[in-house]
2 protein chains.
Amino acid sequence: MNKIYIIGIGPGKEEMMTGQALRILRQCDTIIGYTVYLELLEDDLKDKELMSTPMLQEEKRCVMCYEEAMKGKKVALICSGDAGIYGMASLMYEIGKAYPECEIEVVPGVTAASSGAAVLGAPLNHDFCVISLSDLLTPWDKIEKRLLLAAQADFAMAIYNPSSKKRHDYLQKACDILLREIEPDRCCGYVENIGRDGTKYTVCTLKELREKKVNMFTTVFIGNSTAEIIDGKLVTKRGYPSERR
Amino acid sequence: MNKIYIIGIGPGKEEMMTGQALRILRQCDTIIGYTVYLELLEDDLKDKELMSTPMLQEEKRCVMCYEEAMKGKKVALICSGDAGIYGMASLMYEIGKAYPECEIEVVPGVTAASSGAAVLGAPLNHDFCVISLSDLLTPWDKIEKRLLLAAQADFAMAIYNPSSKKRHDYLQKACDILLREIEPDRCCGYVENIGRDGTKYTVCTLKELREKKVNMFTTVFIGNSTAEIIDGKLVTKRGYPSERR
């Protein structure tokens, strides 16, 4: 069987990868991924055959995996964070319909919701949702609807892709939607460069968040209604006070 | 500074831990955790001082961490999955208010949403939410409301704690709520014993899920409206077809 592993490498540093991910990467012949992720790999993996396609050419990258596997190679496709959370796992399943000779296996990793939350304190320590503000593959009105319903549900939130060159005002737009349901002084925060050099976190209110300029390497967190700042960290309580139950 | 690490050890096997988590565990003097999690540790960690409290005595376990750290020990508190997702991170921050001499650090791990999704295919490969059906710390009407709003938002979902001895019909009740918004043949699935011996996954429709008896070591997944079964795996598409945008 021609085998392909779709591996979540976590936020960046090799130490943030699971032992399983590292073992499988070491056993593979070929590692395929977006160039930035290939560069994050430690030197001991750089003797592998490394292959890439430019950003946004995800389909081409998936096809490349199958084509290389069909040559008899053991292939790893690497994704940042978790392979199944905004990663390539589902596209690999879709494209795999044309390659019944190949078997694929998803190897999980630490997604930015977890790694960013750990830096910020404990912002997701109750029911939560994860929403991407990228409208490349999702209509914006669907994203708006999700933000609004998530606020009504009192979910803690992790917001991925809060900004890009073309979408510099999306976080502001998202905050405006959340502010329809959530009080302006709700505890929030964000983390830049998680698991890489220059990790930095900021705690602020939702009203303040609206004015922040964040870059594309940022994950934003919205506390739920129980959230508070403890010792400079953002903490969403793991339960509701008994008097409110 | 008296240091305590709150460490997510992933679903079970040591190989599913990050390198960072393993390194810090090896550097600690004392490892504190629920007995079942301590037993999951490999032998090379069992020469550490291991301490525990029975289940549900989480506050006592947190106090124990601080008291041991105050003796000058380097302490690790272990949680299954991720320490900040239904883990002990937020309670540690709360109890830490009484121990300003102690510094705490959260070390992230692979949560069941990620590790279970990897077994099942790619069920969370778009915006998603994580909801626990345990009403020990959350009023049930709040859980119901979240399920309903999450269905309206077309989130993919990971459902934690779908059952317990006392709550044998909660998954059925949850499915009934979801069925108010979601078609009965929506693609769903669940994974038992993730990352441990006896891992097993099942793919089914929402209507079928309603009739399933699952145990407390199960994580349930609800696909979003794009989800389909591909080669026996549950796959939520990473985007919406362009004709619908």
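Residues numbered from 1 in each chain as written. Chains lettered and ligands numbered in written order. Predicted model: local features only at pLDDT ≥ 70, side-chain atom pairs only at ≥ 80, totals over all residues. Heavy atoms only, no water.

K.L.:
I would appreciate a short explanation of the overall build of chain A in the present structure.
P.N.:
Each helix and strand in chain A was counted, giving eight helices and 13 strands. Principal-axis analysis of the C-alpha atoms gives chain A an extent of 60 × 35 × 35 Å. Only carbon and sulfur atoms are counted for the fraction: they give 49% of the accessible area of chain A, which is about 9,500 Å². Side-chain charges of chain A comprise 32 positive and 35 negative groups, with the mean position of each set lying 2 Å from the other. (Helix = DSSP H or I, 4+ residues; strand = E, 2+ residues; numbered from the N terminus. Areas by Shrake-Rupley, 256 points an atom, 1.4 Å probe, with all protein chains shown as cover. Lys, Arg positive; Asp, Glu negative; His and termini not counted. Charge placed at Lys NZ, Arg CZ, Asp CG, Glu CD.)

K.L.:
Sorry if this is basic, but what is going on with the packing of aromatic side chains here?
P.N.:
How two aromatic rings sit relative to each other is given by the distance of their centres and the angle of their planes. Following the criterion strictly, the structure yields nine aromatic pairs over all chains and no others. Both rings, one in A:Trp140 and one in A:Tyr170, keep their centres 4.7 Å apart while their planes meet at 50 degrees; by these two values the pair is tilted. Residue A:Trp140 is located in helix α6 (residues 140–152), and its partner A:Tyr170 is located in helix α7 (residues 170–178); the two are separated by 30 residues in the primary sequence. On the basis of relative accessible area, A:Tyr170 is assigned to the buried category, the value being 12%. Ring centres of B:Tyr34 and B:Tyr37 lie 5.3 Å apart, and the angle between their planes is 85 degrees; on these two criteria the pair is classed as edge-to-face. Across the pair, B:Tyr37 and B:Tyr34 agree in class, each one buried. Across the ring face of B:Phe155, the terminal group of A:Arg146 is positioned such that the distance to the ring centre comes to 5.7 Å. One residue, A:Lys173, lies across the ring of A:Trp140, its end atom 4.6 Å from the ring centre. (Phe/Tyr/Trp six-rings, centres within 6.5 Å; stacked < 30°, edge-to-face > 60°. Buried < 20%, exposed > 50% of the residue type's maximum accessible area, 1.4 Å probe, protein only. Lys NZ or Arg CZ within 6 Å of the ring centre and 35° of its normal.)

K.L.:
Looking at this model, I keep getting lost on a nonpolar patch on the surface. Mind explaining?
P.N.:
On the surface, A:Met55, A:Leu56, A:Leu136, A:Leu137, A:Met216 and A:Phe217 cluster together into a nonpolar patch covering about 600 Å² of accessible area. Here A:Leu136 falls in the exposed class, since its relative accessible area comes to 54%. (Patch = residues over 30% accessible without salt bridge, like charges linked within 9 Å, V, L, I, M, F, W, Y side chains within 5 Å. Salt bridge = Lys/Arg side-chain N within 4 Å of Asp/Glu carboxyl O.)

K.L.:
Please explain empty space enclosed by the protein as it appears in this structure.
P.N.:
Rolling a probe over the atoms, with the probe sized like a water molecule, indicates the empty space that remains. Using the criterion set out here, one finds one cavity of 30 Å³ or more in the structure. By volume, the largest cavity is sized at about 30 Å³. (1 Å grid on protein atoms, 1.4 Å probe; cavity = no way out; pocket = protein on both sides within 12 Å on 5 of 7 lines; lining within 4 Å. Points joined across faces, edges and corners; volume = space filled by probe spheres on them.)

K.L.:
Would you take a moment to explain the pairing of strand β1 (residues 2–8) of chain B for this structure?
P.N.:
Within a regular strand, the side chains alternate between the two sheet faces. Residues and elements named next belong to chain B. In terms of burial, β1 is largely enclosed, as seven of its seven residues are buried. Neither face of β1 is exposed, since Asn 2, Ile 4, Ile 6 and Gly 8 on one face and Lys 3, Tyr 5 and Ile 7 on the opposite face are all buried. Judged from the six bridges that link them, β1 and strand β5 (residues 102–107) form a sheet pairing that is parallel. Of the residues in β5, the one forming a bridge with Ile 4 is Ile 104. Where β1 lies against strand β4 (residues 75–79), five bridges are found, and the strand directions are parallel. Paired with Gly 8 across the two strands is Cys 79, which belongs to β4. (Pairing = 2+ DSSP bridges.)

K.L.:
I'm lost on the relation of the copies chain B and chain A in this one. Help?
P.N.:
What relates the pair of chain copies is a rotation about an axis plus a shift along that axis. Expressed as a screw transformation, the operator carrying chain B onto chain A has a rotation angle of 180 degrees and an axial translation of 0.0 Å, and the superposed copies differ by an RMSD of 0.0 Å. Taken together, the turn and the small shift mark the pair as related by a two-fold rotation axis. Of all interface residues in chain B, 100% are interface residues in chain A too; the two copies therefore contact each other through one and the same surface. (Least-squares fit on C-alpha atoms with pLDDT ≥ 70 in both. Contact = heavy atoms within 4.5 Å.)

K.L.:
Would you mind going over the sheet that holds strand β13 (residues 233–235) of chain B with me for this structure?
P.N.:
Paired through their backbone hydrogen bonds, the strands of a sheet run either parallel or antiparallel. Residue and element names in this part refer to chain B. If you trace the three strands from one edge of the open sheet to the other, you get β6-β13-β12, paired in mixed fashion. Lying at the two open borders of the sheet, with one neighbouring strand each, are β6 (121–122) and β12 (228–230). Pairing between β6 and β13: two bridges, direction parallel. Counted as the bridge partner of Ala 122 is Val 235 from β13.

K.L.:
I tried to follow the confidence of the model for chain A on my own but got confused; where do I start?
P.N.:
Low pLDDT means the predicted atomic positions in that stretch should not be read closely. Summarising the model, chain A shows a mean pLDDT of 94, and 98% of its residues fall at 70 or more. Among the scores for the predicted complex, ipTM is 0.96 and pTM is 0.96. (pLDDT = per-residue confidence, 0-100.)

K.L.:
Mind showing me how you'd approach the packing of α6(A) against helix α6 (residues 140–152) of chain B here?
P.N.:
Axis angle and axis distance: for two packed helices, these are the angle between their axes and the distance between the axes, and together they describe the pair. Where α6(A) contacts α6(B), the axes come no closer than 9 Å and their chain directions differ by 175 degrees. Our classification of the angle between α6(A) and α6(B) gives roughly antiparallel. Across the interface between the two elements, A:Lys145, A:Leu149 and A:Gln152 from α6(A) touch B:Lys145, B:Leu149 and B:Gln152 from α6(B). By residue class, the composition of the contact of α6(A) with α6(B) is two nonpolar, two polar and two charged. (Axes fitted to C-alpha atoms, helices over the stretch in contact; angles between N-to-C directions. Parallel < 35°, antiparallel > 145°, perpendicular 65-115°, else oblique. Nonpolar A, V, L, I, M, F, W, Y, C, P; charged D, E, K, R; others polar.)

K.L.:
I keep staring at the interface of chain B and chain A and nothing clicks. Help me out?
P.N.:
Accessible area lost on assembly of the parts is the figure often given for the size of an interface. Listed as interface residues are 66 residues of chain B and, on the opposing side, 66 residues of chain A. Broken down residue by residue, the surface that chain B buries against chain A is led by B:Tyr93, B:Arg146 and B:Arg238, which jointly contribute 13%. Joining chain B to chain A, the criterion identifies 12 salt bridges. Between B:Arg146 and A:Asp154 there is a salt bridge whose closest N-O contact spans 3.7 Å. Connecting chain B to chain A are 41 residue pairs in polar contact (both at pLDDT 80 or more). (Buried area = accessible area lost by both parts, 1.4 Å probe. Polar contact = N/O pair within 3.5 Å; in protein donor to acceptor, adjacent residues only side chain to side chain.)

K.L.:
Can you help me understand the environment of B:Phe217 in this one?
P.N.:
All names here are of chain B. If you trace the backbone, Phe 217 turns up in the loop between α8 (206–209) and β11 (218–222). Separated by 55 residues in sequence, Phe 217 and Pro 162 place their C-alpha atoms 8.7 Å apart. In this structure Phe 217 touches Val 191, Glu 192, Asn 193 and Arg 196, once residues within four positions along its chain are discounted.

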